[in-house]
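The primary structure of each chain is shown beneath.
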Amino acid sequence: MKSLKVELGSRSYDIVVGSDLVDSASDYLAGTPGKIVVVADETVDGLYGARLVKSLSRVGEVHRVLVPSTETAKSWSQAGEILGRLAELKLRRNDLIVTFGGGVASDLGGFVASVYQRGVALIHIPTTLLGQVDAAIGGKTGVNLPAGKNLAGTFYQPSRVLCDVSVLRSLPSRQFRSGMAEVIKYGLCYEQQILDTVQTQKAAIQSSDPEVMADLVARCAGIKARVVSADENDNSGRIILNYGHTFGHALEAAGGYELWLHGEAISLGMMFAANLARSMGLLDDDAVEVHRRAFDNVGLPVKGQFDSNAVVGAWSIDKKFLDGQRWVLLEGLQNPVVRSDVGPLNIEDALPAVRLSSPTRGVR
Ligand code: GLY
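**As for the overall build of the protein chain**
Summing up its helical and strand segments, the protein chain has 13 helices and 11 strands in all. Here the C-alpha atoms of the protein chain give a radius of gyration of 20 Å, agreeing with the 21 Å that 2.2 N^0.38 yields for 364 residues. Expressed as lengths along the three principal axes of its C-alpha atoms, the size of the protein chain is roughly 60 × 40 × 40 Å. Looking at the protein chain residue by residue over its 364 residues, the buried ones come to 58%. Look at the contacts in the protein chain between residues 6 or more apart in sequence, and 77% of them connect residues 24 or more apart. Surface accessibility of the protein chain: about 14,600 Å² in total, with carbon and sulfur atoms responsible for 49%.

**A word on the site of the ligand**
Close contacts around the ligand come from D134, K140, K224, R238, L241 and N242, and that covers them all. In the environment of the ligand, a nitrogen atom lies 3.0 Å from a nitrogen or oxygen atom belonging to the side chain of D134. For the ligand, an oxygen atom lies 2.7 Å from a polar atom in the side chain of R238. Burial of the ligand by the surrounding chains reaches 90%, relative to a free accessible area of 200 Å². Tallied by class, the residues present in the shell around the ligand amount to one nonpolar, one polar and four charged.

**Concerning the confidence of the model for the protein chain**
Summarising the model, the protein chain shows a mean pLDDT of 94, and 96% of its residues fall at 70 or more. Low pLDDT, under 50, characterises residues 359-364; the predicted model gives this stretch 19 contacts beyond four residues in sequence or across chains.

**A few points about the sheet that holds strand β5 (residues 96-101)**
If you walk across this open sheet you meet the seven strands as β1-β2-β9-β6-β5-β3-β4, and the pairing is mixed. Two strands in the sheet have a free side with no partner beyond their single neighbour: β1 (2-6) and β4 (61-67). Neighbour-to-neighbour, the strand axes of the sheet open up by a mean angle of 20°, direction not taken into account. Inspection of the sheet shows strand β6 (residues 121-126) paired to strand β9 (residues 160-164) by two bridges, in the parallel sense. Across the sheet, H124 pairs through a bridge with V161, a residue of β9. Against the sheet, helix α2 (residues 76-88) makes contact with β3 (35-41), β4 and β5, and its axis sits at roughly 160° relative to β4, the strand it touches most.

**Digging into the packing of aromatic side chains**
Taken as a whole and assessed by the stated rule, the structure comprises eight aromatic pairs. Consider the rings of Y186 and Y190, whose centres lie 6.4 Å apart with planes at 35°: the pair is tilted. With relative accessibility at 0%, the residue Y186 sits in the buried group. Between F247 and W315 the ring centres are 6.3 Å apart and the planes differ by 45°, which places this aromatic pair in the tilted class. Taken as a pair, F247 in helix α9 (residues 245-254) and W315 in helix α12 (residues 308-315) lie far apart in primary sequence, 68 residues in all. Using a relative accessible area of 5% as the deciding quantity, one classes W315 as buried. An aromatic cluster is built from F247, F272, F306, W315 and W327, whose rings are joined through pairwise contacts.

The rules behind each value
Residues numbered from 1 in each chain as written. Predicted model: local features only at pLDDT ≥ 70, side-chain atom pairs only at ≥ 80, totals over all residues. Heavy atoms only, no water. Helix = DSSP H or I, 4+ residues; strand = E, 2+ residues; numbered from the N terminus. Rg over C-alpha atoms; globule rule 2.2 N^0.38 Å. Buried < 20%, exposed > 50% of the residue type's maximum accessible area, 1.4 Å probe, protein only. Contact = heavy atoms within 4.5 Å. Areas by Shrake-Rupley, 256 points an atom, 1.4 Å probe, with all protein chains shown as cover. Near = heavy atom within 4 Å. Polar contact = N/O pair within 3.5 Å; in protein donor to acceptor, adjacent residues only side chain to side chain. Nonpolar A, V, L, I, M, F, W, Y, C, P; charged D, E, K, R; others polar. pLDDT = per-residue confidence, 0-100. Pairing = 2+ DSSP bridges. Axes fitted to C-alpha atoms, helices over the stretch in contact; angles between N-to-C directions. Phe/Tyr/Trp six-rings, centres within 6.5 Å; stacked < 30°, edge-to-face > 60°.

Laid out in structure tokens, this is it:
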């Protein structure tokens, strides 16, 4: 069991990483809430919901609200439905919302927790790798608008995050790989040892070995905790966590949030960013090859089929668009920089490196 802290003064909280936390969740609740509403991904609920409810019932009256497992569930209407359900249940401010699932559950459940009666206590229990290393940490909540992903949302910190690595075994392999893209992001931007573990522990990672996964999740969650502690509201250092995301979010939007999983899209996004950096003289060929090998090693795409105009059009609405497009790039591995001087020629130079001209999507 590892415990990491997000340091935010009176709103500081722990991220607990370990095995079988679903069964002991009640041990990690501060105080005794009256009602507990679990906002659960319906697939995860089918697998582990009964175990979680058994545990939480030791300390409160538990209700479940199920949400579909797809990104399209992060909609305004779904948020409204959940808020209506909370009102029917007469949830009060001193009660508790627990999210249980991947990024959809934590983004959507976190959003409703932040606005229902101006804020209800919140605990995240992320069950995907992506949720455990990224989405559930740092208080970002969101729903998607037709114009783009996460365009409506709040910053609202949970009071605890429980990362149970034993549930990762039941993740569909495509979802697991998608989470590995965020793990590799931490390796490329912050910590070489993460890249080394991804390289040397391939079999253990593929079989979701709890010890290796607990180590990887704790390393990544620890980096995110430090970054969020220093820049909660995304004004400076936190933007680095969006390495590969300008392109990645645009690719997801251009595919209607159905063609690409987030991790697949940001893998291509990081490959694109690496090629941009090479075009600007910031990265050499070897560093681009480190990117390619890391993604390829875990079965993530390094090239894909997409409509360049649709992708370039979609990134103009990206949240990092201030006076001009800001790009997170690497000036050498583990040395992230933010640049606003990426020119059209650099983009033209980098696009062919990640674009397949054949009609097959997502082939490496
Ligand atoms: N996923 C990026 C962040 O939380 O800032």
